[in-house]
Amino acid sequence: MVMLAAGTGTSISTMEWAMSLLLNNPSVLKKAHGEIEKYVGHDRRVEESDMCNLPYLDCIIKETMRMLPPGPLLPHESSKGCMVGGYHVPKGTMLLVNVWAIHNDPNIWGDPKKFRPERFEGLEGYRDGFKLMPFGFGRRGCPGEDMGMRLVRMALASLIQCFEWERTGESEVDMSEGTEGINMSKAISLVAICHPRPTMLNLLSQL
Ligand code: HEM
């Protein structure tokens, strides 16, 4: 039950935020599709083994989780007394790591409000010191990190490869953050229009 609860909401909200950001940034969506078109083409559906050839897609997911970490506040408890930033933290203190604030700190990230997946180009892995930690850290860090990333990568890659996406109107997708629950979900669920890509019609009709 814990695995299901911890693994579904986080992965779903990452996908929903990523699609919302892509719809508001069509040039990024186009570039992501270009990458899939170049490495996978349209004669077959994207597979898990293709993921190592889609680095830009990875940058999009990292940038999404930087701006909108599914777990914005991580509760931890000190197992022994320690000093943090000059303060004594007694054993058993509840500590909330404000991941959202770290991910959106202008002293750490240039132009943090800007969706710029390119900032992750050439950076290996997800963790750059303690700057980016959408899966938490240490002994209580997310055990489903690898599975979560695989899930989100495959889902996004398939959505981008198979469909053309557009907003329902002129205005941008609302990016307000919901206030219910511990996951960072959208205040207003994403609604978008999609059409099968003409190049994929043949393949999709055989499913
Ligand atoms: C994009 C997907 C995911 C994100 C962003 C995510 C994020 C997180 C975060 C931030 C934590 C807390 C870490 C900490 O306190 O330091 C966590 C814990 C956890 N996650 Fe994930 N997660 C994802 C997917 C998954 C999946 C797919 C599973 C399992 C199938 C999973 C299972 C768990 C479990 C069991 C914990 C509790 C670990 C503990 O308390 O020791 N997560 N996750």
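Because the structure is a prediction, the values reported are computed rather than measured.

Details of the overall build of the protein chain
- Counting its secondary structure elements, the protein chain contains six helices and six strands.
- Sequence-ordered secondary structure for the protein chain, helices as α and strands as β, is α-α-α-β-β-β-β-α-α-β-β-α.
- The C-alpha radius of gyration computed for the protein chain amounts to 19 Å, which stays within 12% of the reference 17 Å derived for 207 residues, consistent with globular compactness.
- In the protein chain, 70% of the contacts between residues at least 6 apart in sequence involve partners at least 24 apart.

Looking at the nonpolar core
- Among the nonpolar cores identified, the biggest contains 29 residues, and Leu22, Leu57, Ile60, Ile61, Phe115, Leu156 and Ile160 are the most heavily contacted of them.
- For this core, the secondary structure elements donating two or more residues are helix 1 (2–24), helix 2 (26–39), helix 3 (55–67) and helix 5 (145–162).
- Filtering out sequence-adjacent residues up to four positions away, Ile61 remains in contact with Thr14, Met149, Val152, Arg153 and Leu156.

A closer look at the layout of surface pockets
- The computed volume of the largest pocket comes to approximately 1500 Å³.
- Along its surface, the largest pocket is lined by 46 residues, and Leu74, Phe135, Arg140, Gly141 and Cys142 are the ones closest to its centre.
- Going through the elements one at a time, helix 1, helix 3, strand 1 (73–77), strand 4 (94–98) and helix 5 are the ones with two or more residues in the lining of the largest pocket.
- Residue contributions to the lining of the largest pocket peak at 12 residues, all from helix 1.
- Residue composition of the lining of the largest pocket, by class: 29 nonpolar, 14 polar and three charged.

Points about helix 2
- Taking 1.5 Å per residue, 14 residues should reach 20 Å; helix 2 reaches 20 Å between its end C-alpha atoms and fits that length.
- Positive phi appears at Gly41, one or two residues downstream of helix 2, with a value of about 80°.

Considering unusual backbone geometry
- Its identity as a non-glycine residue notwithstanding, Asp111 has a phi of 50°, on the positive side.
- Assignment of secondary structure puts Asp111 in the loop between helix 4 (99–103) and helix 5.

Looking at the packing of helix 3 against helix 5
- Look at helix 3 against helix 5: their axes get within 10 Å of each other, and the N-to-C directions meet at 115°. For the pair helix 3 and helix 5, the crossing hand works out as right-handed. The residues of helix 5 that touch helix 3, namely those facing Leu57, Asp58, Ile61 and Met65, are Met149, Val152, Arg153, Leu156, Ala157 and Ile160.
- Of the residues belonging to the contact of helix 3 with helix 5, the class tally is eight nonpolar, no polar and two charged.

Here we look at the site of the ligand
- In the vicinity of the ligand lie 21 residues, with Gly7, His76, Pro134, Arg140 and Cys142 positioned nearest.
- Here an oxygen atom of the ligand and a side-chain polar atom of His76 are 2.7 Å apart.
- At 2.6 Å, a side-chain N or O of Arg140 approaches an oxygen atom of the ligand.
- Taking a 2 Å distance to the grid points as the criterion, the majority of the atoms of the ligand fall inside the largest pocket.
- Of all the elements in the fold, those that place two or more residues in the shell around the ligand are helix 1, strand 1 and helix 5.
- No other element matches the seven residues that helix 1 contributes to the shell around the ligand.
- Residue composition of the shell around the ligand, by class: 11 nonpolar, nine polar and one charged.

Quick look at the coordination of the iron atom of the ligand
- Of all protein atoms, Cys142 (SG) alone acts as a donor to the iron atom of the ligand, lying 2.3 Å away.
- Within the secondary structure, Cys142 is located in the loop between helix 4 and helix 5.

What counts, and where the lines are drawn
Residues numbered from 1 in each chain as written. Predicted model: local features only at pLDDT ≥ 70, side-chain atom pairs only at ≥ 80, totals over all residues. Heavy atoms only, no water. Helix = DSSP H or I, 4+ residues; strand = E, 2+ residues; numbered from the N terminus. Rg over C-alpha atoms; globule rule 2.2 N^0.38 Å. Contact = heavy atoms within 4.5 Å. Core = buried A, V, L, I, M, F, W, Y, C linked by side-chain atoms within 4.5 Å. Buried < 20%, exposed > 50% of the residue type's maximum accessible area, 1.4 Å probe, protein only. 1 Å grid on protein atoms, 1.4 Å probe; cavity = no way out; pocket = protein on both sides within 12 Å on 5 of 7 lines; lining within 4 Å. Points joined across faces, edges and corners; volume = space filled by probe spheres on them. Nonpolar A, V, L, I, M, F, W, Y, C, P; charged D, E, K, R; others polar. Expected span 1.5 Å × (residues − 1). Axes fitted to C-alpha atoms, helices over the stretch in contact; angles between N-to-C directions. Left-handed = near helix turned anticlockwise from the far one by under 90°. Near = heavy atom within 4 Å. Polar contact = N/O pair within 3.5 Å; in protein donor to acceptor, adjacent residues only side chain to side chain. Sits in = over half its atoms within 2 Å of the grid points. Donors = N, O, S within 2.8 Å, 3.2 Å for Na, K, Ca; no water.

The analysis is restricted to geometry; functional conclusions fall outside its scope.
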